Amino acid sequence: MPETIIKIDLTQSPYDNDKVHNRWHPDIPMVAWVKPGEDFIVETYDWTGGFIQNNDSADDVRDIDLTIVHFLSGPIGVEGAEPGDLLVVDLLDVGAKPDSLWGFNGFFSKKNGGGFLTDHFPEAQKSIWDIKGMYTHSRHIPGVEFAGLIHPGLIGCLPDRKLLDTWNERETGLIATAPDRVPPLACPPCAPTAHMGRMSGEARDQAATEGARTVPPREHGGNCDIKDLSRGSRIYFPVYVPGGGLSMGDLHFSQGDGEITFCGAIEMAGWLHLRVEVIKDGVAKYGIKNPIFKPSPVTPHYNDYLIFEGISVDEWGKQHYLDVHIAYRQACLNAIEYLTKFGYSKAQAYSILGTAPVQGHISGVVDIPNACATLWLPTEIFDFDIRPTAAGPVKFVSGGVDIPLSPDLD
Ligand code: ZN
């Protein structure tokens, strides 16, 4: 058996585990060292460190302090890895923790987190997904079951000082353009809830004030939330600090392209079986700025899709110029409206798009003024036929059911 170099006890607060951190900073000490060619196992919390519970209330999604996320396992040092190298990471396997075979999906309140469709779903909602082997289904969303495309939402190496400063400068600059916006334009450093791993003393307190939040994807990878970066993938990461400092977390049992629901995919605690190698001077040799990866040879096999088109004309009829964000939002809204004809609530339909192996494509970006995005909904995940027919949609889902909602408190 490969060694488990980071263990997680789900009954323990992540703040009490010194092999965990929730900020990016070059000075966070390595918690373990491995040699190139070695394989090993890393356990992780879910991204909220156990804050979201397996129950039928969305109060936890409404009330969470989002400055606590993401709880990452690491950093792991790789012997011989130096700045400018590429760290090759094989995701040999990824799974749910056997003592926690469930995951959650939710929408944050617009006042606390928001999300891709927050203007349409402004209050907190949550669905719970049970994991049965390679499949998942939810007691809150009938009529749908699918195989997991299991992946870490977040994985990457520690930044060096220069890169950290670049991140902080450009993101605080963006926030300054609309400082009172709700939700905010970006997530600035936040010392009170920082977990700086094994740092201590004054150095720790100083680093906590400048440690980059883990929310956005950046040059090092990080929170990319790419569903296809699944077990069996091989990833090539730029190395910025000696040893690399590989950290990871935010495991997803399954996710639709875009992770549109934001809280999040099907979020779970779990483990990764990894193997690492180093390509000396790989960053310059291959002209790498952001990570690259090879997908898994083994993925769930869905062949048939119903594909929804969206164009860059918004919900209020306003024309936008080649805006793929707005076009994808329209494709998603079109799919949600369609699914309600089979009896789903809009929230249930939204949750399906956030969790199932839905594909999102940028289909056209040159036909002025409209970008075209498409959302590919796999038809085989449903217990019933979702294709349009002359007979019209059959209401499969009985009326009145919905996923738990927790209204905002004033
Ligand atoms: Zn996630």
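Residues numbered from 1 in each chain as written. Predicted model: local features only at pLDDT ≥ 70, side-chain atom pairs only at ≥ 80, totals over all residues. Heavy atoms only, no water.

### Examining the domain arrangement of the chain
Thought 1: What the domain assignment reports for the chain is domain 1 (4–294) and domain 2 (305–398).
Thought 2: Averaged C-alpha coordinates put domain 1 and domain 2 at centres separated by 28 Å.
Thought 3: Across the boundary between the two partners, domain 1 contributes 26 residues, which contact 28 residues of domain 2.
Thought 4: One can count zero salt bridges joining domain 1 with domain 2.
Thought 5: Of all the elements, strand β10 (residues 141–147) adds the most residues to the side of domain 1 that touches domain 2, at six residues. (Domains from an automatic or database assignment. Contact = heavy atoms within 4.5 Å. Salt bridge = Lys/Arg side-chain N within 4 Å of Asp/Glu carboxyl O. Helix = DSSP H or I, 4+ residues; strand = E, 2+ residues; numbered from the N terminus.)

### Looking at the coordination of the zinc ion
Thought 1: For the zinc ion, the full set of protein donor atoms is Asp 250 (OD), Asp 250 (OD), His 252 (NE2), Glu 267 (OE) and Glu 267 (OE), at a range of 1.9 to 2.8 Å.
Thought 2: Here the donor residues for the zinc ion map to a single chain with the spacing D-x1-H-x14-E. Placement of the pair is His 252 in strand β15 (residues 244–252) and Glu 267 in strand β16 (residues 263–268), with a sequence separation of 15 residues. A single burial state applies to His 252 and to Glu 267, both of which are buried. (Donors = N, O, S within 2.8 Å, 3.2 Å for Na, K, Ca; no water. Buried < 20%, exposed > 50% of the residue type's maximum accessible area, 1.4 Å probe, protein only.)

### Overview of helix α6 (residues 346–355)
Thought 1: Counting buried positions along α6 gives nine out of ten residues, so the element sits mostly inside the fold.
Thought 2: What α6 keeps buried is the set Ala 347, Gln 348, Ala 349, Tyr 350, Ser 351, Ile 352, Leu 353, Gly 354 and Thr 355.
Thought 3: Against β7 (102–107), β8 (124–132), β10, β16, α5 (324–340) and β21 (372–378) lie the buried residues of α6.

### Quick look at unusual backbone geometry
Thought 1: Cis geometry marks the peptide bond from Val 69 to His 70; its omega dihedral reads -10°.
Thought 2: Here His 70 lies in the loop between α1 (59–63) and β5 (72–78).
Thought 3: The residue Asp 250 is not glycine, and still its phi comes out positive at about 55°.
Thought 4: Mapped onto the elements, Asp 250 comes out in strand β15.

### Comments concerning the packing of aromatic side chains
Thought 1: For the structure shown, the criterion picks out 18 aromatic pairs.
Thought 2: For the pair Phe 107 and Phe 121, a centre-to-centre distance of 5.4 Å together with 65° between the ring planes defines the contact as edge-to-face. Note that Phe 107 is positioned in strand β7 and Phe 121 in the loop between β7 and β8, a separation of 14 residues in sequence. With respect to class, Phe 107 is no different from Phe 121; both count as buried.
Thought 3: Centre to centre, the rings of Tyr 344 and Phe 384 are 6.2 Å apart; their planes meet at 40°, and the pair counts as tilted. You can see Tyr 344 sitting in the loop between α5 and α6 and its partner Phe 384 sitting in the loop between β21 and β22 (405–406), a full 40 residues away along the chain. Comparing Tyr 344 with Phe 384 shows no difference in burial state: the two are buried.
Thought 4: Grouped by ring-pair contacts, the aromatic residues Phe 308, Tyr 338, Phe 342, Tyr 344, Phe 382, Phe 384 and Phe 396 constitute a single cluster. (Phe/Tyr/Trp six-rings, centres within 6.5 Å; stacked < 30°, edge-to-face > 60°.)

### Overview of the layout of surface pockets
Thought 1: Here the largest pocket is characterised by a volume of approximately 1,500 Å³.
Thought 2: In terms of lining residues, the largest pocket is bounded by 46 residues, among which Gly 113, Gly 115, Phe 116, Phe 262 and His 325 are the most central.
Thought 3: Looking at the lining of the largest pocket residue by residue, the classes come out as 23 nonpolar, eleven polar and twelve charged.
Thought 4: Two domains each provide a minimum of three residues to the lining of the largest pocket, namely domain 1 (4–294) and domain 2 (305–398). (1 Å grid on protein atoms, 1.4 Å probe; cavity = no way out; pocket = protein on both sides within 12 Å on 5 of 7 lines; lining within 4 Å. Points joined across faces, edges and corners; volume = space filled by probe spheres on them. Nonpolar A, V, L, I, M, F, W, Y, C, P; charged D, E, K, R; others polar.)

### Notes on the sheet that holds strand β6 (residues 86–96)
Thought 1: Pairing is mixed in the open sheet, where six strands are placed in the order β1-β4-β17-β6-β14-β18. With partners counted over all chains shown, the strands left at the sheet margins are β1 (4–6) and β18 (292–294), one partner each. The average undirected angle you get between the axes of adjacent strands in this sheet is 35°.
Thought 2: Looking at chain direction, strand β4 (residues 39–44) and strand β17 (residues 270–279) are connected through six bridges and run antiparallel. When the bridges of β17 are listed, Thr 44 appears paired with Gly 270. (Pairing = 2+ DSSP bridges. Axes fitted to C-alpha atoms, helices over the stretch in contact; angles between N-to-C directions.)

### Re the pattern of salt bridges
Thought 1: Counted under the stated rule, the structure contains 24 salt bridges.
Thought 2: A salt bridge links Arg 329 to Glu 315; its shortest N-O distance comes to 2.8 Å. Note that Arg 329 is positioned in helix α5 and Glu 315 in the loop between β19 (305–311) and α5, a separation of 14 residues in sequence.

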